[in-house]
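# Results of the structural survey
Residue-level listing of the chains:
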Amino acid sequence: MAPQTRRPQGEVTRGTTAPNRLRRVDRWIAATQAAALRADARPLAVDLGYGASPATAVELYARLRVVAPGVEVAGLEIEPERVARGAAFLAASRGAYPGLSFRRGGFELPVERRPVLVRAFNVLRQYDEAAAWRAWDGLRARLHPAGVLVEGTCDEIGRRAVWVALGPEGPRTVTFAARLGSLDRPSGFAERLPKTLIHRNVPGERVHAFLADFDRCWAAAAPHSAFGPRARWIEAVALLSRLHPVRTRPPLGGRPRWRLGEVTVPWTTLSPND
Ligand SMILES: C[S@@+](CC[C@H](N)C(=O)[O-])C[C@H]1O[C@@H](n2cnc3c(N)ncnc32)[C@H](O)[C@@H]1O
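For every chain, the first residue of the written sequence is number 1, and numbering continues from 1 onward in sequence order. Reporting of local features is limited, given that this is a predicted model, to residues whose pLDDT is at least 70; pairs of side-chain atoms are given and counted only at 80 or more, and all residues count toward the totals for whole chains, interfaces and linings. The basis for every side-chain value is the complete set of heavy atoms in the structure, and neither hydrogens nor water enter the calculation.

### Considerations on the sheet that holds strand 7 (residues 170-178)
- By definition, two strands form a pair when at least two bridges between them are found by DSSP. Numbering of helices and strands starts at the N terminus; helices are DSSP runs of H or I of at least 4 residues and strands are runs of E of at least 2. With respect to topology, eight strands assemble into an open sheet ordered 3-2-1-4-5-6-7-8, the strand pairing being mixed. Bordering the open sheet on either side are strand 3 (100-104) and strand 8 (262-266), each of which pairs with just one other strand. Here the average twist between neighbouring strands, direction ignored, is 20°.
- Bridge count between strand 6 (residues 160-167) and strand 7: eight bridges; the pairing is antiparallel. Bridge assignment links Trp163 to a residue of strand 7, and that residue is Thr175.
- Residue contacts are defined here by distance: any two heavy atoms, one from each residue, within 4.5 Å place the two residues in contact. Axis lines are fitted to C-alpha atoms, over the contacting stretch for helices. Their N-to-C directions set the angle, which ranges from 0 to 180 degrees. Together, strand 4 (117-121), strand 5 (148-154), strand 6, strand 7 and strand 8 form the strand contacts of helix 1 (residues 23-32), whose direction differs from that of strand 4 by roughly 165°.

### So, unusual backbone geometry
- Omega for the peptide link from Pro250 to Pro251 comes to 5°, which places this bond in the cis form.
- As for its placement among the helices and strands, Pro251 is situated in the loop between helix 8 (229-240) and helix 9 (255-258).
- Phi at Leu109 takes a positive value of approximately 50°, unusual for a residue other than glycine.
- Considering the arrangement of structural elements, one finds Leu109 in the loop between strand 3 and strand 4.
- Accessibility here uses a 1.4 Å probe with only protein chains present; expressed as a share of the type maximum, an area under 20% marks a residue as buried, one over 50% as exposed, and anything in between as partly exposed. Here Leu109 falls in the buried class, since its relative accessible area comes to 0%.

### Side note on the packing of helix 7 (residues 206-220) against helix 8
- Contact pair helix 7 / helix 8: the axes reach a minimum separation of 8 Å and the direction vectors enclose 125°. Here helix 7 lies oblique to helix 8, going by the angle between them. For helix 7 against helix 8, the interelement crossing comes out right-handed. Here helix 7 contributes Phe210, Asp213, Phe214, Cys217, Trp218, Ala219 and Ala220 to the contact with helix 8, which in turn contributes Pro229, Arg232, Trp233, Ala236, Val237, Leu239 and Leu240.
- Gly falls in the polar group here, along with every residue not listed as nonpolar (Ala, Val, Leu, Ile, Met, Phe, Trp, Tyr, Cys, Pro) or charged (Asp, Glu, Lys, Arg). Of the residues contributing to the contact of helix 7 with helix 8, the split by class is twelve nonpolar, no polar and two charged. Throughout this description, any angle smaller than 35 degrees is read as roughly parallel, any larger than 145 degrees as roughly antiparallel, any in the 65 to 115 degree range as roughly perpendicular, and the remainder as oblique. In this scheme the handedness of a crossing depends on how the near helix is turned from the far one: anticlockwise by less than a right angle means left-handed, clockwise means right-handed.

### So, the domain arrangement of the protein
- Under the domain assignment, the protein is made up of domain 1 (23-168) and domain 2 (180-267).
- In this assembly, 24 residues from domain 1 lie in contact with 20 residues from domain 2.
- Surface buried jointly by domain 1 and domain 2 totals about 2,000 Å² across both partners, of which 57% is contributed by carbon and sulfur atoms.
- As used here, buried area is the combined drop in accessible area, with a 1.4 Å probe, of two parts when they are placed together. Taken as a group, Arg125, Glu129 and Arg160 account for 34% of the area that domain 1 buries against domain 2, more than any other trio of residues on that side.
- Each reported salt bridge corresponds to a side-chain nitrogen of Lys or Arg within 4 Å of a carboxyl oxygen of Asp or Glu. Put simply, domain 1 and domain 2 have one salt bridge between them.
- The residue Glu129 makes a salt bridge to Arg200 at a minimum N-O spacing of 3.1 Å.
- Polar contacts, as used here, are pairs of N or O atoms within 3.5 Å; protein pairs need one atom able to donate a hydrogen and one able to accept it. Residues neighboring in sequence count only if both atoms are side-chain atoms. Our enumeration of links across domain 1 and domain 2 arrives at seven residue pairs in polar contact (both at pLDDT 80 or more). Where each domain begins and ends follows an automated or database-derived domain assignment.

See below:
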């Protein structure tokens, strides 16, 4: 892809971030998307919209390098001062992060080759729904043929997160992840739904029915709380899998993922009616 010559596509939005807030999605990417990360001889991952501090981009670099040692990571920000902060971090680190870069850019993804991963977290929340759909379409069109776009949102310190994984062909899965001790009931995820789904959480839409069913399964699993919130979650997800096509096999599903406070479902389980 050509280096950027024009104004970056998108809008400057609040730069709120915090170290380690994206640990749940990073752990999921490393565990389930290794094939994509290794799909290119020189794999490139993009952290789009890393925010006021480069911390979460640096963490992505460290976590991806465990499963894809040669992966390069480009942190992209539309806001120039935040790019300067990334550059200052790298200068101070004196070569400790080979293959990590920070640059100005937006949805056009001004990078040299098609990325095997684009992580865009807490970026589209501040756009309207139509713009979020356009961003999805534009970003997945720029992926490596085996690449994945992971777009989602989380709370301030990453205790609760929801993300969608998309391939070049379109959305594939939706994952819910939480620190289970902080979860009152699964419909608490509603406020973290991606922009393309958040306004669809109304009666008659699939996402609404899914969260209502998940709440019912959570209530039915209450006796398992005696063994802790994780046991209750695993039971609730097992009950849910009788009603919806929950991923029940690795790498996306099954007990090893559920134990982490995760559940992944196909996009079509929640996709909007129109
Ligand atoms: C809330 S921060 C998220 C920071 C980090 N990803 C996190 O989750 O902790 C959102 C950042 O996305 C940036 N942003 C918004 N639209 C963008 C775009 N189209 N391209 C690049 N960056 C963008 C904003 O400038 C802001 O710094």
